[in-house]
Protein chains: 2
Amino acid sequence: MNAVLQYIEDNQKRFVDELCQYLRFPSVSAQPEHRADMAACAEWLANHCRQIGLEAEVRPTAGHPVVVARTRRTGKPPYLVYGHYDVQPAEPFELWKSPPFEPRLEGRSLFARGACDNKGQNLAHLIAVEAYLKTNTELPCDLTFIIEGEEEVGSKNLEEFLQANRKELACRAVVISDTGMPSLKHPALTYALRGIFACEILLRGPSRDLHSGIFGGTVDNPAMALCQMLAQLRDKNGRVNIPGFYDSVAKLSAYERQQAARIPMTEAQYRKFLGVPKLFGERGYTFVEQRSARPTIEINGLTSGYQGEGSKTIVPSWARAKLTFRLVADQEPDRIQKLIMKRLKELCPPTVKMEVTAGHGAEPYMMSPTSPLAQAALRTLKEAFGHEPISMREGGSIPIVTQFKKVLGAECVLLGLALPDDNAHSPNEKFSLDCFEKGSRMGALLWPELAKLG
Amino acid sequence: MNAVLQYIEDNQKRFVDELCQYLRFPSVSAQPEHRADMAACAEWLANHCRQIGLEAEVRPTAGHPVVVARTRRTGKPPYLVYGHYDVQPAEPFELWKSPPFEPRLEGRSLFARGACDNKGQNLAHLIAVEAYLKTNTELPCDLTFIIEGEEEVGSKNLEEFLQANRKELACRAVVISDTGMPSLKHPALTYALRGIFACEILLRGPSRDLHSGIFGGTVDNPAMALCQMLAQLRDKNGRVNIPGFYDSVAKLSAYERQQAARIPMTEAQYRKFLGVPKLFGERGYTFVEQRSARPTIEINGLTSGYQGEGSKTIVPSWARAKLTFRLVADQEPDRIQKLIMKRLKELCPPTVKMEVTAGHGAEPYMMSPTSPLAQAALRTLKEAFGHEPISMREGGSIPIVTQFKKVLGAECVLLGLALPDDNAHSPNEKFSLDCFEKGSRMGALLWPELAKLG
């Protein structure tokens, strides 16, 4: 192992050069004009995998291709490493201090679109394997890398790809570095993600906008009816006010609450960062718990009547709200949808007609933070970063994680290398070379730990 | 008087021809390309007034001119007749069965933009005076006609005009035919109009839209905060839920309620006409009373967050509502504004910042429906139409009425000649020739009745 770690240390300069090559491809999956860049990036990546000693292929999908790279099969425990070579659009270009596809080093920060999300993170895992192969160190696991090209557009074709290659991709677990860590001193294992249920409520009142002088006072106002319905969906303690909504919410354990308390940010810092006059959330939980371990209701959009300058004296014909509910283990989107629909029907007055359209749903994800798999990951983080790691939940939803669970039956070990100020999805995205190097070490140290699980 | 009425009957064909001439001017005050048509229409009108024996002038304002026409001063009781020669835009043209400025007669209906609103109605009053003058019948009042060109764009320059000519325009009352009547069998005196107070509420939460997964659950959602505030402004009995709001609302008298009950429309007809599943209004009042004699709160528009297709998982940075309150006698917009502001401040949670912008306000108008002036008008209506007239309130606000009251100290007698299906402001506007003829009779019969008031 010493040889592996030494190799990583000795070749940092070249690794950074290779990351820069990788970052120069404007592999923007959302923009059709970058189709050729996507293909070129995938070819470069497959070629790079071959150069470091892996078998690699560019495998087609209905959309952008998937790069699959494998170590030689030896009968050792099989693991998957997931990443993506596509990036977010770089717009607005004018906000970048240097061109997004011309990597620029400033101190220990490498600025480029895709630097942390996700090229730097998946390259770190490839470097770890390269170090094993080039130092002739026995790799204690059989590894398959799946680096897709559609993560930023919803991984539309990944599930089908996983289904079609289920046997080939069978594994003990999936390792993913595509999340965050609170600081270089707080390496993190993300063991849970929230799920989601989205829906749209449309209330119809009069058959057309009515003059509020001539008719106002005799018909319900759909905008008011909507407000009165929505107002009842969240109580003054910040709880979702739908009977049965919390029935299957897993309680936070003492261990989880103690871990959440270690996140290095004060309420005052957080409040300032968000720019709100006062924080607000479910009573009885810290803001860290509220945003990751507790379910929510959010109004994402409201539309009704006149929206221009000045006033227009109407009773609007209709009013619409877009809602999303974040879900946590062990809530099931289908059951939650039924509870929501039931409650909305109860709340809707007879003076308006209601149409509810269910949108996307995603299950929450959770693996035990005290399982052997999690413990192995935490030991690795501690050794790689030299600091006590945090086990944490994150509030967002990552559909690929539930896809891996569903199709391959495998848990996902989320070992994020992005720092809070890395500007993923924003102008001036960057990646810390410290995270890059320590992430490569982590990648190397991980396989003996996972191999021990048998 | 018989000669006067006979003259009106005998000259109907010519009067309709003259109305058609008047209607051929596309006098659209809102559209700059019709400026010359506006001037030509005002000239035609002044000229017509001279032909029937009045002194007439086209008087400039900062906007479109006012036509002022007067009978010879004799020291008899002075009265004003108000009307307007400007019309609404005719768009969308494609919905008209015949061109809007080429009058078309179908049975007893004359179709053209401006037919009922307001050319037909003000010409009826000119015909009445013509009949007196041409039959050498002594007119029992000294009359001044003010026919303006900016009613459809808010009568912006009328108040200044009234102020500047206060002495010349001093009068006992102002007669206006620019409202409606329920049917030819229900001629109507409108004795009250609602006032209005408009405002806009803006709630600001986080400094930018936030990712609802990463941050949702820790900050208040401005759209939800707005819904919860607005929801509390109207109770389940349809009353405005603001302390003190009803303090100065004049009670409906037994006479008023009995009159309201005579409006010839059932609840079922009304509900069908509006296209709502169920009517809704303040408990304890009929729909006729609710829409004319009771104050209201209406949300005219709601705007927050994402409004496009599909979903966007954000906590929106802000949410906005446009509100109007219709007011009734004796509510004062300034006092109501204070009550509303106070209530909004009480309701606004500390988790968002609120900005309230006051919009336009207009006082409610009311004259006593049992005053000698009202009784004189009702006697006239009965004689002119041959049916028992209704005293009614209307729900809209007509700013000129309060301007006359404020500047000249004069009550307005509103004797509307438009039928409910006359399509004012809509394609295929029309005017009934029965209303035109009976309206002219009404105009003639009115002056002896008003003269009796001394």
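Just so you know, these numbers come straight off a predicted model, no measurement behind them.

Asks: Describe helix α12 (residues 399–408) of chain B, and please don't skip the residues or the numbers.
Replies: All names here are of chain B. Among all positions of α12, only I400, V401, Q403 and F404 are buried. Summarising the axial view, the buried residues of α12 lie within an arc of 160°, below the 170-degree limit, and thus occupy one face. Structurally, α12 contributes buried residues whose contacts are with β3 (78–84), α5 (158–164), β7 (173–176), β8 (188–193), β15 (365–366) and β17 (411–414). At the C-terminal side of α12, G409 shows a positive phi close to 65°.

Asks: Residues and numbers for the sheet that holds strand β9 (residues 195–204) of chain B, please.
Replies: Sheet architecture is open: eight strands sit in the order β14(A)-β9(A)-β13(A)-β11(A)-β11(B)-β13(B)-β9(B)-β14(B), paired in antiparallel fashion. Looking at strand neighbours, the two that pair on one side only are β14 (353–362) of chain A together with β14 (353–362) of chain B, the edges of this open sheet. Taking the axes of each pair of neighbouring strands and ignoring which way they run, one obtains an average angle of 20° across the sheet. When strand β9 (residues 195–204) of chain A meets strand β13 (residues 318–327) of chain A, the two strands line up antiparallel, connected through 10 bridges. Each bridged residue has a counterpart across the sheet, and for E200(A) the counterpart in β13(A) is K322(A). The strands touched by helix α10 (residues 333–347) of chain A within the sheet are β9, β13 and β14 of chain A, with β14(A) carrying the most contacts at an inclination of about 165°.

Asks: Describe the nonpolar core, and please don't skip the residues or the numbers.
Replies: Within soluble globular proteins, side chains that are nonpolar generally end up buried alongside one another. Counting residues in each nonpolar core, the largest one holds 161 residues, and the members touching the most others are L226(A), L230(A), V67(B), V174(B), L226(B) and L230(B). If one sorts the elements of this core by residue count, helix α4 (residues 115–134) of chain B sits on top with 10 residues. Once residues within four sequence positions are removed from consideration, V174(B) is found in contact with L80(B), Y82(B), F404(B), A410(B) and C412(B). Counting 95 residues, the second largest nonpolar core, distinct from the first, contains A131(A), I146(A), V413(A) and L415(A).

Asks: Hey, could you go over the domain arrangement of chain A for me, with residue numbers and the actual values?
Replies: Residues and elements named next belong to chain A. Domains assigned within chain A are domain 1 (2–193 + 364–452) and domain 2 (195–249 + 295–362). Domain 1 and domain 2 are separated by 40 Å when their C-alpha centres are compared. At the interface, seven residues of domain 1 touch eight residues of domain 2. Classifying every residue of the side of domain 1 that touches domain 2 gives four nonpolar, three polar and no charged.

Asks: With reference to specific residues and values, describe the sheet that holds strand β5 (residues 109–111) of chain A.
Replies: The pairing of strands in a sheet comes from backbone hydrogen bonds and takes either a parallel or an antiparallel form. All names here are of chain A. Here we have three strands laid out as an open sheet, ordered β4-β5-β18, and antiparallel in their pairing. Every other strand in the sheet has two partners, leaving β4 (104–106) and β18 (430–432) as the edge strands with one partner each. Direction aside, neighbouring strands of the sheet carry axes that sit 25° apart on average. Looking at chain direction, β5 and β18 are connected through three bridges and run antiparallel. Along β18, the bridge assignment pairs L110 with F431. Helix α4 (residues 115–134) contacts β5 and β18 of the sheet and is inclined by roughly 40° relative to β18.

Here is what the cut-offs are and how they apply
- Note that residues are indexed from 1 along each chain, following the sequence as it is written.
- Written order determines the labels here, with chains lettered from A and ligands numbered from 1.
- With pLDDT at 70 or above as the cut-off, local features in this predicted model cover only qualifying residues; side-chain atom pairs require 80 or more to be listed or tallied, and sums for whole chains, interfaces and linings still use all residues.
- Counts of 20 or more other C-beta atoms within 10 Å of a residue's own C-beta define buried residues, counts of 12 or fewer define exposed ones, and intermediate counts define partly exposed ones; C-beta atoms are placed from the backbone.
- Numbering of helices and strands runs from the N terminus; a helix is a DSSP stretch of H or I covering at least four residues, while a strand is a stretch of E covering at least two.
- The directions considered for the arc are those from the helix axis to the C-beta atoms.
- C-beta atoms are placed from the backbone for every residue, and two residues are taken to be in contact when these atoms lie within 7 Å.
- Pairing between two strands requires that DSSP report at least two bridges joining them.
- Every angle, taken between N-to-C directions, lies between 0 and 180 degrees, and every axis is a line fitted to C-alpha atoms, over only the stretch in contact when it is a helix.
- For the purposes of this analysis, a nonpolar core is taken to be any set of buried Ala, Val, Leu, Ile, Met, Phe, Trp, Tyr and Cys residues that are connected through C-beta atoms within 7 Å.
- The split into domains, and so the bounds of each, comes from an automatic or database assignment of domains.
- Classification convention: Asp, Glu, Lys, Arg as charged; Ala, Val, Leu, Ile, Met, Phe, Trp, Tyr, Cys, Pro as nonpolar; all other residues, Gly among them, as polar.

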